[in-house]
Amino acid sequence: MTIKAIIFDMDGVLIDSEPVWKQAGIDVFNAEGIPVTYDDMLALTGIPSLGIVKAVYEKYQSSPVPVAEMAQRLNDHAISLILAQKPLIDGVQETLQKLTALSYKLAVASASPRMLLEEITQSCGIVQYFSYLSSATELSHNKPHPAVWLHAAEMLGVEATECIGIEDSVVGMVSVKAASMKCIVVPGVLGSDDPRWALADIKLATLREIDETVIGKLDSI
C-alpha cells in the first residue's frame, strides 16, 4: 500500500507544549487546593483533559469543581500559555516543507481543542501545510481511541492504511496503531528507552529524520 498522507499529533510533535500542559495542570489544580506535582502530570502525558481531571480527582480524593468545568479551565489556561510562548519544535518548518514538496497530504490529529489547533498553526506560520485539522474533542471518542486519526484520513480522502501517524506519547501511539496506520514515534518526555515504543513501526530522534527513505521503509512493511 502506497503512503499518501502523513498525519501529525500536535502536542509534543509539532509544538513543545507538553511542559506547558504540565505547568497548566499544576496551576489550575493547586489553585483549588489539590497538590498536583510535575510527576503527577508527567504520568498523565498524552491523556485528554477530561481524563487528567478524573485521574487527579481520584488520586487525591477531591473534586472541588465539576469535572467538565475543571477540564475547561485546564484547556483555557494551557492555550493561553501556549499562544503566548509559541513553542514550535525545532525542525518542524523544514520537515513540513519537505513533505509538501514530495506531494504528501498532511493533517493534524490531536486531542486538543480546535481553537488551539487553529490558533497555534496560524501563529507559528505552519497552517498552510495542512489540508485538515482533526480535533478529537469534536468526536465521540478521544485518544487512545483511533477516531481522530480515522476522521483525519477520511477528510483527506485516503484510506487509513495509506497513512503514517506521528506521535510522541504511548497513548497516541496506541491510537495510531488502532487506526491501522503506520506509526512513527519521536519520543518526548518518556525518553527513547521506554520498551513500549516497540509497538511503533519506526522510532526517530527528531522530525528532521523523516525523509523518502524512512517513508519507503514503511511502504514496504
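The structure contained in this document is the topic of the report that follows.

Cut-offs used in this document
- Residues numbered from 1 in each chain as written.
- Predicted model: local features only at pLDDT ≥ 70, side-chain atom pairs only at ≥ 80, totals over all residues.
- Heavy atoms only, no water.
- Helix = DSSP H or I, 4+ residues; strand = E, 2+ residues; numbered from the N terminus.
- Contact = heavy atoms within 4.5 Å.
- Buried < 20%, exposed > 50% of the residue type's maximum accessible area, 1.4 Å probe, protein only.
- Pairing = 2+ DSSP bridges.
- Core = buried A, V, L, I, M, F, W, Y, C linked by side-chain atoms within 4.5 Å.
- Polar contact = N/O pair within 3.5 Å; in protein donor to acceptor, adjacent residues only side chain to side chain.
- Axes fitted to C-alpha atoms, helices over the stretch in contact; angles between N-to-C directions.
- 1 Å grid on protein atoms, 1.4 Å probe; cavity = no way out; pocket = protein on both sides within 12 Å on 5 of 7 lines; lining within 4 Å.
- Points joined across faces, edges and corners; volume = space filled by probe spheres on them.
- Nonpolar A, V, L, I, M, F, W, Y, C, P; charged D, E, K, R; others polar.

**Looking at the side chain of Glu18**
- Its location among the elements puts Glu18 in helix α1 (residues 18–31).
- For Glu18, the residues in contact, after removing those within four places along its chain, are Asp11, Gly12, Thr45 and Asp168.

**Observations regarding unusual backbone geometry**
- A cis amide bond, omega 15 degrees, links Lys143 with the succeeding residue Pro144.
- Structurally, Pro144 can be placed in the loop between β3 (132–135) and α7 (147–156).
- Its identity is not glycine, yet Gln61 carries a phi of approximately 50 degrees, on the positive side.
- Gln61 gets classed as exposed once you look at its relative accessible area, which sits at 67%.

**A look at the pairing of strand β2 (residues 105–110)**
- With respect to burial, β2 is a largely interior element, five of its six residues being buried.
- Alignment of strand β1 (residues 5–8) against β2, held across four bridges, turns out to be parallel. Looking at the pairing, Ile6 lines up with Leu106 of β2.
- Relative to β3, β2 runs parallel, the two being bridged by four bridges.

**Points about the nonpolar core**
- Within the largest apolar cluster, 53 residues are counted, with the highest numbers of intra-cluster contacts made by Ile6, Phe8, Phe29, Leu106, Phe130, Ile166 and Ile184.
- In this structure, Leu106 is in contact with Ile6, Phe8, Leu96, Leu99, Thr100, Tyr129, Phe130, Ser131, Tyr132 and Leu156, ignoring residues within four places of it in sequence.
- If you look at the next biggest cluster of nonpolar residues, it comprises 23 residues, including Ala109, Ala153, Leu156 and Trp197.

**Considerations on the side chain of Arg114**
- Positionally, Arg114 belongs in helix α6 (residues 114–123).
- A distance of 2.7 Å separates a polar atom in the side chain of Arg114 from a polar atom in the side chain of Glu138.
- For Arg114, the contacting residues outside a window of four places in its chain are Tyr132, Leu133, Ser134, Ser135, Thr137 and Glu138.

**What to know about the sheet that holds strand β6 (residues 202–203)**
- Taken together, the six strands give an open sheet; going across it, the order is β3-β2-β1-β4-β5-β6, and neighbouring strands pair in parallel fashion. Sheet topology places β3 and β6 at the edges, where each strand pairs with a single neighbour.
- With four bridges connecting them, strand β4 (residues 163–167) and strand β5 (residues 182–185) associate as parallel partners. Each bridged residue has a counterpart across the sheet, and for Ile166 the counterpart in β5 is Ile184.
- Helix α8 (residues 170–178) rests against β4 and β5 of the sheet, and its axis sits at about 165 degrees to β5.

**A few points about the pairing of β1**
- Of the two faces of β1, the one lined by Ala5 and Ile7 and the one lined by Ile6 and Phe8 are each fully buried.
- Sheet topology places β1 next to β4; four bridges connect them, and they run parallel. Bridge pairing in β4 links Ala5 to Cys163.

**Examining the layout of surface pockets**
- The computed volume of the largest pocket comes to approximately 540 Å³.
- As for the largest pocket, its lining consists of 35 residues, and the residues nearest its centre are Ile47, Pro48, Ser49, Ala111 and Ser112.
- Within the residue set of the lining of the largest pocket, elements represented by two or more residues are α1, α3 (49–60), α4 (67–85) and α8.
- With five residues, the single largest contributor to the lining of the largest pocket is α3.
- Here the residues of the lining of the largest pocket sort into 14 nonpolar, 13 polar and eight charged.

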